[in-house]
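One letter stands for each residue in the lines below.
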Amino acid sequence: MTEASEHDGATPERGAAVPGQDGHGGGTGDAGTGTRNRSGTGSESESESGAGAGAGAGTGSGDAGAWAERSGAARPGRAAAPRVRLVDVAREAGLSKTTVSAALNGTGRLSPEVRERARETARRMGYRPNATARQLRAGRARLIGYVVGELADTPWTFLESPYFARLTGATAATALARGYAVVLLPAGSLQSEWAALPLDAVVVADPVADDRIVEDLLAARIPVFSDRSVEGRSGAHWVDVDAAAAVRQTLDHFHAQGARRPVLVVPDSTTRFHQEVDAAHREWCAARGLPVRTVRAAEPGNGPVIQAVETALGAGPGRPDALLMVAEASPPLVLDAARRHGYDVPGDLLLVCVSEDETAEHTQPPVTTLSLRPEAVAEAGIAHLVAVLEQGLRETGGALVPVRLDVRASSVRSG
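A. How the structure looks around the environment of I144. You can see I144 is positioned in strand β1 (residues 143-148). Here I144 is in contact with A175, Y180, A181, V182, V183, L199, A201, V203, I382 and L385, once residues within four sequence places are set aside.

Here it is in structure tokens:
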């Protein structure tokens, strides 16, 4: 049998144990044991990652070291160890190849003992399915590109952002649970940097206006998953948060606490999210006859953003009585900046930060945060991606994820 056909529950190799003679009772050789999940997901995903966990004692004809000695892998001066095949695992475990395949795929009517024996043996021997054969069968490499479009000038600094760090981690974890690996790409990636990669799709988080990577990916017929800025484009899909509703909710909260001079600190950015935030703030102020106070942070990072905070708190007639921080900065540093300018929070100044920084809960006072719920965004995005790649979903729609305002002492006036 060729390597490309391994792990598919085909006819047992000559010399392998016959189903039903494992010593663990019936069911090992039923028709279900050789079944493959053709979609490449579900039961097969367990074996694709190397199959098997568990700490059960090894059984079969010998341990992994003995197998390595027989194969010549343990002898000094020898070439690299040969690839462990499914038939090797079956022989070591004293089971049929069909049974081992079913155990690793999570299919068939096998006893827990047999399934665990197969998985533990595969783990000890370092068995991995043939990735090339898997790609040929599934027609996919199961690789997803991931790029943060907003920070093209500083490609890898997004990992310093609590929001993007959590979004990236959640995207990778959610994708891996569905059998896909995430490949990080730098912001502002050129086609030459990803064209040779066998990417099934690319997630472009917060692209800037007219982002070239979106255009290049769509031209290359690679599905793009992004925010609502790609809505309606062929081959593009979106998951987003309702930025306008989030701003209105926060400003209404300020208003209910008596604030009449709110100021917004927002990045100088062309992403859809920040443009919607700015527009919603202007509309809310105009509807109430209040002055529009906006300060833009020229660059991301605590330093430039705190400079923008100090500008917002120190300039213009009439001191602001509420601060909405959409530009991401450390909540303790924002509090420190307010105190340097003589503000008591929340007595003189109400404060809300758009932030996933956990330090907000532990400051004095605790800081109210507007969470964009990156884990929920990642889950919705990967679910949509899998539906497109594996279920043939052709609609280019998307989904809105609601935000969450976690009200704490920094935005509530006593009495």
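B. Summary view of helix α9 (residues 212-219). Restricting attention to buried positions, one finds in α9 the residues I213, V214, D216, L217 and L218. Those residues of α9 that are buried are in contact with β1, α8 (191-194), β3 (201-205), β4 (224-226) and β5 (236-241). Following α9 by one or two positions, R221 adopts a phi angle in the positive range, close to 65°.

C. Main features of the sheet that holds strand β7 (residues 294-297). One open sheet accounts for 6 strands, arranged β7-β6-β8-β9-β10-β12; its pairing is mixed. Looking at the sheet topology across the chains shown, the edges are occupied by β7 and β12 (404-406). Averaged over all pairs of adjacent strands, the angle between strand axes in this sheet comes to 15°, irrespective of strand direction. Note: strand β10 (residues 368-371) against β12, 3 bridges, orientation antiparallel. Of the residues in β12, the one forming a bridge with T369 is D406. Sheet strands in contact with helix α10 (residues 243-256) are β6 (262-267), β8 (322-325), β9 (350-354), β10 and β12, and its direction is about 160° off that of β8. Those strands touched by helix α12 (residues 302-314) are β6, β7 and β8, and its axis lies near 160° from that of β7.

D. Broad picture of the packing of helix α3 (residues 86-93) against helix α5 (residues 112-125). Where α3 meets α5, the axes come as close as 9 Å, and the angle between the chain directions of the two elements is 120°. Looking at the two axes, α3 sits oblique to α5. Classified by chirality, the crossing of α5 by α3 is right-handed. Residues D88, V89, E92 and A93 of α3 touch α5, and the partners they reach there are R117, A118, T121, A122, R124 and M125. Of the residues contributing to the contact of α3 with α5, the split by class is 5 nonpolar, 1 polar and 4 charged.

The rules behind these values
Residues numbered from 1 in each chain as written. Predicted model: local features only at pLDDT ≥ 70, side-chain atom pairs only at ≥ 80, totals over all residues. Heavy atoms only, no water. Helix = DSSP H or I, 4+ residues; strand = E, 2+ residues; numbered from the N terminus. Contact = heavy atoms within 4.5 Å. Buried < 20%, exposed > 50% of the residue type's maximum accessible area, 1.4 Å probe, protein only. Pairing = 2+ DSSP bridges. Axes fitted to C-alpha atoms, helices over the stretch in contact; angles between N-to-C directions. Parallel < 35°, antiparallel > 145°, perpendicular 65-115°, else oblique. Left-handed = near helix turned anticlockwise from the far one by under 90°. Nonpolar A, V, L, I, M, F, W, Y, C, P; charged D, E, K, R; others polar.

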